[in-house]
Amino acid sequence: MAALRAVGAALLRPGRGEAAARLGYHKKVVDHYENPRNVGSLDRNAKNVGTGLVGAPACGDVMKLQVEVDENGRIIDARFKTFGCGSAIASSSLATEWVKGKTVDEALKIKNTDIAKELCLPPVKLHCSMLAEDAIKAALADYKLKQDPNKEESEKKANNA
């Protein structure tokens, strides 16, 4: 498994786009892998920043996605850091592009199937788009929790009553 990951990583290094395409990676995946958008981090302690950290134990992919939301509830910035295959990195990159400019509610409507379709992911790589959707949801849940930290506590009390 480690050998396969090493071969895949080597083929997706910058300048290897043609080889990667021959192995079944669509040119959109190669583009997002070689030119990832919005890589980095935001201040996770800021009240208007939500952070989602998700992983897939089966393949070892880990994705951190952060969103910065303005006072009107619109996402003004998004960043990601992903440890994983080219499809996971491409899914993260695309997700950050898509959430920018959307309201929180609009961003929650982004589905893994939309990401997979846009990147032309094969069935064996669909879990990468699922991780991206989960990361968006986790980041927005964290943002919402920061807006009303007592909400989670009151919900726990209501569920235990």
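Up top is the structure.
Residues numbered from 1 in each chain as written. Predicted model: local features only at pLDDT ≥ 70, side-chain atom pairs only at ≥ 80, totals over all residues. Heavy atoms only, no water.

(A) Region of the structure containing the pairing of strand E3 (residues 75-83). Relative to E3, strand E2 (residues 61-69) is paired through eight bridges, and the arrangement is antiparallel. Residue pairing across strands places glutamine 66 opposite arginine 79, the latter belonging to E3. Connecting E2 to the antiparallel partner E3 that follows it, the hairpin turn spans five residues, and glycine 73 within it adopts a positive phi of roughly 85 degrees. (Pairing = 2+ DSSP bridges. Helix = DSSP H or I, 4+ residues; strand = E, 2+ residues; numbered from the N terminus.)

(B) Main features of helix H6 (residues 112-119). Buried residues of H6: Asn112, Ile115, Ala116 and Leu119, and no others. Seen along its axis, H6 keeps its buried residues to an arc of 95 degrees; they face one direction. Opposite the buried face of H6, by more than 90 degrees, sit the exposed residues Thr113 and Lys117. Summarising the contacts, the buried residues of H6 are in contact with helix H3 (27-34), helix H4 (86-99) and helix H7 (126-147). (Buried < 20%, exposed > 50% of the residue type's maximum accessible area, 1.4 Å probe, protein only. Arc of directions from axis to C-beta. Contact = heavy atoms within 4.5 Å.)

(C) Here's a closer look at the side chain of lysine 64. Relative to the helices and strands, lysine 64 resides in strand E2. Aspartate 43 provides the closest opposite charge to the buried, unpaired lysine 64, separated from it by 9.9 Å. A polar atom in the side chain of lysine 64 sits 2.8 Å from the side chain of serine 41. (Lys, Arg positive; Asp, Glu negative; His and termini not counted. Salt bridge = Lys/Arg side-chain N within 4 Å of Asp/Glu carboxyl O. Polar contact = N/O pair within 3.5 Å; in protein donor to acceptor, adjacent residues only side chain to side chain.)

(D) Just the sheet that holds E3, in detail. Spatially, E1-E2-E3 is the arrangement adopted by the three strands of the open sheet, whose pairing is antiparallel. At either margin of the open sheet sits one strand with a lone partner, and together these are strand E1 (49-56) and E3. Taken pair by pair, the neighbouring strands of this sheet meet at an average axis angle of 15 degrees, ignoring direction. Judged from the eight bridges that link them, E1 and E2 form a sheet pairing that is antiparallel. Directly across from valine 54, in E2, lies its bridge partner methionine 63. In the packing of H4 onto the sheet, contacts are made with E2 and E3, and the angle to E3 comes to roughly 175 degrees. (Axes fitted to C-alpha atoms, helices over the stretch in contact; angles between N-to-C directions.)

(E) Up close: unusual backbone geometry. Positive phi, normally seen in glycine, also occurs at asparagine 38, with a value near 65 degrees. Positionally, asparagine 38 belongs in the loop between H3 and E1. Overall, asparagine 38 belongs to the buried group, its relative accessible area being 14%. A positive phi angle, near 55 degrees, is found at cysteine 120, a position not held by glycine. As for its position among the elements, cysteine 120 is in the loop between H6 and H7.

(F) Spotlight on H3. Along H3, the residues that are buried comprise Val29, Val30, His32 and Tyr33. Taken around the axis of H3, the buried residues stretch over an arc of 165 degrees, which confines them to a single face.

(G) Just the packing of H3 against H4, in detail. At a closest axis distance of 8 Å, the pairing of H3 and H4 adopts a crossing angle of 80 degrees. When the axes of H3 and H4 are compared, the pair comes out roughly perpendicular. The residues of H4 that touch H3, namely those facing Val29, His32 and Tyr33, are Gly86, Ser87, Ile89, Ala90, Ser93, Leu94 and Glu97. Considering only residue class, the contact of H3 with H4 consists of five nonpolar, four polar and one charged. (Parallel < 35°, antiparallel > 145°, perpendicular 65-115°, else oblique. Nonpolar A, V, L, I, M, F, W, Y, C, P; charged D, E, K, R; others polar.)

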